[in-house]
Amino acid sequence: MAQSATFVWHGTDKQGRKSKGEITSTTPAIAKAELRRQGIFATKVRKKSIRLSLGGGSVKPGDIALFTRQMATMMRAGIPLVQSFDIVADGVDKQKLAELIRNVRTDVSAGNSFASAIRKHPNQFDELFCNLVDAGEQSGALEQMLERIATYKEKTESLKAKVRKAMTYPIAILFVAVIVSGILLVKVVPQFEQVFKGFGAELPAFTQMVIRFSEFAQAYWLMLLVGIIGIGIAFSQIHKRSRGFREAMDRLVLKMPVAGNIIEKSAVARYARTLSTTFAAGVPLVDALNSVAGSTGNSVYVKAVYRIRDDVSTGQQLNFSMRNTKVFPNMINQMVAIGEEAGALDDMLDKSAQYYEEQVDNAVDSLTSLMEPVIMSVLGILVGGLIVAMYLPIFQLGAVVGQ
């Protein structure tokens, strides 16, 4: 059986108007025959060339969320699945995302299921996404399932963005402060040092300390830079390869003031959001917990979810299993208990997810408001201290001359 390919065609429609487009077929002749059945007289049909593009950026989770939302909208409007792929692919700006959608469309038009088509792209579609799409196809409710997945992806990505904002904002500002201080020490302070040598008087202790620090930075700045980069790379590699180190760091992060609270609430929100989505999709609870574990983003909660899964598989209620882990707040434990008693577990989990997502949002805003004056104080101490140290001898000299 010949393999399907994408062909670019140029021709005229029934009204004689010039048109062009793409069609998936096995040979140019079959493609022309298919176009004739559609009322199009093709004057030129050629196989679409595969372009190696360095631009366009990689496909990110946010792009997958957008794709899912658009597919759900197309199907809700009654547009067939294959045609929905074409419309969405033509509407996206990112080339690699468009290529991904067209690859999935080609597989689906060849007779494969949507779930099996996206399973060929594990870097873009995780196991949870594929399982939910599969469940939607099996139940005949793919449109509603895509709506749920789109909402889940959008909420999850929004939560991740808030946590990243909370973590990266102060680090970025402090990094800039260190760079500015380094430039002052290496480039500006030596100029003042040359001026001070002509004073013939002893410099203030603070100025002497800054000058010595400047001399050290001038002599060893390259070694310091290489050392910092080396420590960063070593930390990254150890974190990537050592499971024990990752778990220790995740436990440490949860104990950090303010930031630890944000990480904890975001992990609970992801747990509730993912479990709500999978349970509402009809996935059995034990199977759903397998998918939920990886979505929490912290190894402490990953281990807790696997423990919950083992307890639930032996017949224990979900809320009791969650209490036994001692990592989930009482609020969500009580909400889950109410949901189990009322037979509305997915609804109560959804409400819990909304509550903790709002908590994360408020905590990030509070942290940002708190960090701004702290960061300004740190910048003032670093940069202002260096400036004061350099001008202190000049002030003293002015006082002496004034006498």
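Just above sits the structure.
Every chain begins its residue count from 1, and numbering advances along the sequence as written. It should be noted that, the model being predicted, local features are given only for residues of pLDDT at least 70 and side-chain atom pairs only at 80 or more, the latter also being counted only at that level, while totals for whole chains, interfaces and linings use all residues. Excluded from the side-chain calculation are hydrogens and water; included are all heavy atoms of the structure.

Asks: Residue-level account of the overall build of the protein, with values.
Replies: Starting at the N terminus, helices and strands are each numbered in turn, a helix being any DSSP run of H or I of at least four residues and a strand any DSSP run of E of at least two. Of regular secondary structure, the protein possesses 15 helices and 3 strands. Taken over C-alpha atoms, the radius of gyration is set against a globule rule of 2.2 Å times the number of residues to the power 0.38. Radius of gyration (C-alpha) of the protein: 30 Å, far over the 22 Å computed for a compact globule of 403 residues. Per-residue burial for the protein yields a buried fraction of 38% across its 403 residues. The long-range share in the protein, meaning contacts at least 24 apart out of those at least 6 apart in sequence, stands at 58%. Looking at the protein as shown, the accessible area adds up to about 22700 Å², and 59% of this sits on carbon and sulfur atoms. Charge counting follows a simple rule: Lys and Arg are positive, Asp and Glu are negative, and His as well as the terminal groups are ignored. Lysine's charge is taken at NZ, arginine's at CZ, aspartate's at CG and glutamate's at CD. Side chains of the protein give 46 positive and 36 negative charges; the mean places of these two sets differ by 7 Å. Only protein chains enter the accessibility calculation, which uses a 1.4 Å probe. A residue is then buried if its area is under 20% of the maximum for its type, exposed if over 50%, and partly exposed in between. Should any heavy atoms of two residues lie within 4.5 Å, those residues are considered in contact. Values of accessible area rely on a 1.4 Å probe in the Shrake-Rupley scheme; residue burial ignores everything except the protein chains shown.

Asks: Just give me the short version of the environment of F320, but keep the residues and values in it.
Replies: Structurally, F320 can be placed in helix α13 (residues 318–325). The exposure class assigned to F320 is partly exposed, which follows from its relative accessible area of 45%. Separated by 56 residues in sequence, F320 and E264 have C-alpha atoms that sit 20 Å apart.

Asks: Would you mind going over the nonpolar core in detail, with residue names and values included?
Replies: Nonpolar cores are built from buried Ala, Val, Leu, Ile, Met, Phe, Trp, Tyr and Cys residues. Side-chain atoms within 4.5 Å join them into one set. F114, Y271, L318 and F328 are the most contacted members of the largest nonpolar core, which has 74 residues in total. A per-element tally of this core places helix α15 (residues 345–402) first, with 10 residues. Excluding its chain neighbours within four sequence positions, the residues that come into contact with Y271 are L289, V292, T296, V305, I308, L318, M322, F328 and I332. Of all hydrophobic cores here, the second largest spans 12 residues; its members include L185, V210, A217 and L386.

Asks: Give me the packing of helix α7 (residues 142–196) against helix α8 (residues 205–241): which residues, what numbers.
Replies: Axes, fitted as lines to C-alpha atoms, cover a helix only where it is in contact. Angles between the N-to-C directions of the axes lie from 0 to 180 degrees. Close contact between α7 and α8 brings their axes to 9 Å; oriented N to C, the two are set at 130 degrees. As judged from the angle between their axes, α7 and α8 are oblique. The chirality of how α7 crosses α8 is left-handed. Across the interface between the two elements, L185, V186, V189, P190, E193 and F196 from α7 touch T207, V210, I211, F213, S214, E215, A217 and Q218 from α8. Residue type decides the class: Asp, Glu, Lys and Arg count as charged, Ala, Val, Leu, Ile, Met, Phe, Trp, Tyr, Cys and Pro as nonpolar, and the leftover types, Gly among them, as polar. Within the contact of α7 with α8, the residues separate by chemical class into 9 nonpolar, 3 polar and 2 charged. For this classification, under 35 degrees means roughly parallel, over 145 means roughly antiparallel, 65 to 115 means roughly perpendicular, and everything else is oblique. Helix crossings fall into two classes, left-handed where the near helix is turned counterclockwise from the far one by less than a right angle and right-handed where it is turned clockwise.

Asks: Can you tell me about unusual backbone geometry, naming the residues and giving the values?
Replies: Most peptide bonds take the trans configuration, and most residues that are not glycine carry a negative phi. A positive phi angle, near 60 degrees, is found at K326, a position not held by glycine. Counting through the fold element by element, K326 comes out in the loop between α13 and α14 (330–342).

Asks: I'd like to hear about a nonpolar patch on the surface, residue by residue, with values.
Replies: The residues that make up patches have over 30% relative accessible area and no salt bridge, and they are joined within 9 Å when like-charged or within 5 Å when they are Val, Leu, Ile, Met, Phe, Trp or Tyr. Any carboxyl oxygen of Asp or Glu within 4 Å of a side-chain nitrogen of Lys or Arg constitutes a salt bridge here. Nonpolar side chains collect at one region of the surface, where W221, L222, L225, V226, I229 and I233 lie side by side and expose about 590 Å² of accessible area between them. Classification of I229 by relative accessible area gives partly exposed; the value is 47%.

Asks: Just give me the short version of the side chain of K153, but keep the residues and values in it.
Replies: Looking at the element boundaries, K153 is found in helix α7. Of the side chains bearing the opposite charge, D126 lies closest to the buried K153, which forms no salt bridge; the N-O distance is 4.5 Å. Ignoring anything within four residues of it in the chain, the contact list for K153 reads P61, I64, A65, D126 and F129.

By themselves, these observations are geometric and do not establish any function.
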